[in-house]
Amino acid sequence: MTQLAAARHGTVTEAMERVAERENCAAEFVRQQVADGQAVIPANVGHDALDPMIIGREFGTKVNANIGNSEETSDIEGELEKLHTAVHYGADTVMDLSTGANLDAIREANVEHSPVPIGTVPIYEAVKRVDDVTDITHELLLDVIEKQAEQGVDYMTIHAGVLMEHLPLTDGRKTGIVSRGGSILAQWMEESGMQNPLYATFEEICEIFAEYDVTFSLGDGLRPGCLADAGDEAQFAELDTLGELTRTAWDHDVQVMVEGPGHVPMDQIAEQVERQQEVCDGAPFYVLGPLVTDIAPGYDHITSAIGATEAARAGAAMLCYVTPKEHLGLPDREDVRDGLAAYRIAAHAGDVANGRDGARDWDDALSEARYAFDWSEQFELALDPERARSYHDQTLPGDNYKEARFCSMCGVEFCSMRIDQDARDAGEMESIEAEDGERTDVAGSAAAEVNRPPVGTHDSTPVDEATPADDD
Ligand code: SF4
């Protein structure tokens, strides 16, 4: 029985209990959200190492990291190191986008070792199995999907919404079809003259997913690849099909989330999130960025994190990270770290803006440590403690500076917080420090599992030196 089927029957599963504990809410609320299709718990029945989590707009905003090999980088140890790096820096889910060798062994190793849900894009493996894209058959696709379900994959991107009749709508675009899955399926449809095979076999895919409790991540194969293409007819025609497919999957008791753009001007993001929620009856929205400008290759973790923050504020449930290498090359370990930091910030900023219960406790605790010149506590509470400590220690490395009432930014004479504290001590202004020195307890806050520095969340082992990670 899938999580959705159980929820509809009124059963609170172990996974729902665990999710409720992590989100600090009632298990019955989790069950209701899942039963209504408003949240998903991606949890393949064969993924033994999983620590269940939930994706839905009523819960903490989640972050996904993409990893995977390519033709050039292929060993299992390297892939497991990428998985460790992603989880270490705070990924809530990880997508294995491998397109090189050893696909099965790498996927199985990832599932075996991952405490977070693993997602895949099965069309990639189907392409690897044939000489020409048009050699992909319905049977091959179903075979690949069933095998990956058996291997324990928790959710799969299925680009079933790109239809033949949508393709002409992309003709006037500046950047055409930029989704890898979307472009592969468009080529298949153009050359075969047949309808999207993932659409044609969707009911059969639902039956496989129901057997293993795989969650759909309905791919946005026609997402805009630049601001000029955002919100065009092609994008919204596909979205309407994704709404239809969402309801079909629900009819099979299969959980669904829906993927979204892409590149979108800031002023259009909220209305795009609202449109997806309406068209797809509230199924969780899983967005890539979106990038709010096209002008900053090398900084697209920033251009996209701005859009991701706005998307989270408007109701997106999960944010797929973008690294600084987007559009440029294969991300390495530092890119993964920078991408995850940017997206953890976006997710948290969205949670704070939405008034998520307890979300701001983390900000308050860090601010109190900062004002108290408790440098060690400030590092511990930082989103990336390793980076905060190393930046501080670049100029003031000694232990004696860990209680100093200044840092090298303003220097001892101009440290405004020291000046403020001295003024309060000397005059009539009330002291800021509470009488008993009590500070916000992040660990005991209402969002304790969300309010934590991501580094070392699941594993305190330091991450080794650079290992490459793949891009979507
Ligand atoms: S020196 Fe400036 S930046 Fe550093 S602690 Fe003081 S006020 Fe903050």
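Residues numbered from 1 in each chain as written. Predicted model: local features only at pLDDT ≥ 70, side-chain atom pairs only at ≥ 80, totals over all residues. Heavy atoms only, no water.

Right, let's get into the site of the ligand. As a matter of local geometry, the ligand sits amid Phe373, Trp375, Cys407, Met409, Cys410, Gly411, Cys415, Ser416 and Met417. The residue makeup of the shell around the ligand, split by class, is 7 nonpolar, 2 polar and no charged. (Near = heavy atom within 4 Å. Nonpolar A, V, L, I, M, F, W, Y, C, P; charged D, E, K, R; others polar.)

UniProt annotation of "binding site: Zn(2+)" (unreviewed entry) refers to His263 and His327 when read in the numbering used here. Despite a sequence span of 65 residues, these residues sit close together in the fold, their greatest C-alpha distance being 12.4 Å. Its relative accessible area of 9% is what places His263 among the buried residues. Separated by 2.9 Å, the side chains of His327 and Asp300 make a polar contact. (UniProt positions renumbered as here; feature names shortened; annotations may be inferred. Buried < 20%, exposed > 50% of the residue type's maximum accessible area, 1.4 Å probe, protein only. Polar contact = N/O pair within 3.5 Å; in protein donor to acceptor, adjacent residues only side chain to side chain.)

For the rest of this paragraph, the subject is the UniProt feature "binding site: [4Fe-4S] cluster" (unreviewed entry) in the protein chain. Here the UniProt-annotated "binding site: [4Fe-4S] cluster" (unreviewed entry) positions come out as Cys407, Cys410 and Cys415. The subset of these annotated residues that lines the largest pocket comprises Cys407. Assignment of secondary structure puts Cys407 in the loop between helix H17 (385–395) and helix H18 (411–414). Those residues within four positions of Cys407 in sequence are excluded, and the remaining contacts are Trp375, His392 and Leu396. Assignment of secondary structure puts Cys410 in the loop between H17 and H18. (1 Å grid on protein atoms, 1.4 Å probe; cavity = no way out; pocket = protein on both sides within 12 Å on 5 of 7 lines; lining within 4 Å. Helix = DSSP H or I, 4+ residues; strand = E, 2+ residues; numbered from the N terminus. Contact = heavy atoms within 4.5 Å.)

Its domain assignment divides the protein chain into domain 1 (3–354) and domain 2 (361–444). Taking only C-alpha atoms, the centre of domain 1 and the centre of domain 2 are 40 Å apart. Between domain 1 and domain 2, the residue contacts involve 10 residues of the former and 6 residues of the latter. Taken together, the two surfaces of domain 1 and domain 2 that pack against each other cover about 650 Å², and 45% of this comes from carbon and sulfur. Per-residue buried area on domain 1 facing domain 2 is highest for Arg337, Arg344 and His348; these three make up 57% of the total on that side. Inspection of the region where domain 1 meets domain 2 yields 4 salt bridges. The partner of Glu334 in a salt bridge is Arg387, and the shortest N-O contact between them spans 3.2 Å. There are 6 residue pairs in polar contact (both at pLDDT 80 or more) connecting domain 1 and domain 2. (Domains from an automatic or database assignment. Buried area = accessible area lost by both parts, 1.4 Å probe. Salt bridge = Lys/Arg side-chain N within 4 Å of Asp/Glu carboxyl O.)

Our next topic: the layout of surface pockets. Where empty space is left in the structure can be found by rolling a water-sized probe over the atoms. Estimates place the volume of the largest pocket at around 420 Å³. Lining the largest pocket are 23 residues, with Ala382, Asp384, Arg387, Ala388 and Tyr391 sitting closest to its centre. For the lining of the largest pocket, the secondary structure elements donating two or more residues are helix H13 (300–314), helix H14 (333–353), helix H16 (375–381) and H17. In terms of residue class, the lining of the largest pocket is built from 13 nonpolar, 6 polar and 4 charged. Summarising the domain contributions, the lining of the largest pocket has at least three residues from each of domain 1 (3–354) and domain 2 (361–444). (Points joined across faces, edges and corners; volume = space filled by probe spheres on them.)

Attention shifts here to the packing of aromatic side chains. Under the counting rule described, the total for this entry stands at 6 aromatic pairs. Arranged with centres 6.3 Å apart and planes meeting at 85°, the rings of Tyr401 and Phe406 form a pair that is edge-to-face. In this structure Phe406 comes out as buried when scored by relative accessible area, which is 19%. The cationic tip of Arg275 hangs over the ring face of Phe236; the distance from NZ or CZ to the ring centre is 3.6 Å. (Phe/Tyr/Trp six-rings, centres within 6.5 Å; stacked < 30°, edge-to-face > 60°. Lys NZ or Arg CZ within 6 Å of the ring centre and 35° of its normal.)

Assignment of secondary structure puts Ala6 in helix H1 (residues 3–8). Along the primary structure Ala6 and Ala35 are separated by 29 residues, whereas in three dimensions their C-alpha atoms are 8.0 Å apart. Ala6 has contacts with Met1, Thr11, Thr13 and Met16, leaving out every residue within four places of it along the chain.

Before going further, it helps to spend a moment on the nonpolar core. Counting residues in each nonpolar core, the largest one holds 96 residues, and the members touching the most others are Phe209 and Phe216. In terms of residue count, the dominant contributor to this core is helix H11 (residues 233–251) (7 residues). Excluding anything up to four places from it in sequence, Phe216 contacts Met156, Ile158, Phe202, Ile205, Cys206, Phe209, Ala249, Val254, Gln255, Val256 and Met257. (Core = buried A, V, L, I, M, F, W, Y, C linked by side-chain atoms within 4.5 Å.)

Reading around the circumference, E3-E4-E5-E6-E7-E8-E9-E10 is the order of the 8 strands in this closed barrel, with parallel pairing throughout. Between one strand axis and the next, the sheet turns through 25° on average, direction left out of account. Note that strand E7 (residues 215–218) and strand E8 (residues 256–260) share 3 bridges and pair parallel. Bridge pairing links Phe216 to Val256 in E8. (Pairing = 2+ DSSP bridges. Axes fitted to C-alpha atoms, helices over the stretch in contact; angles between N-to-C directions.)

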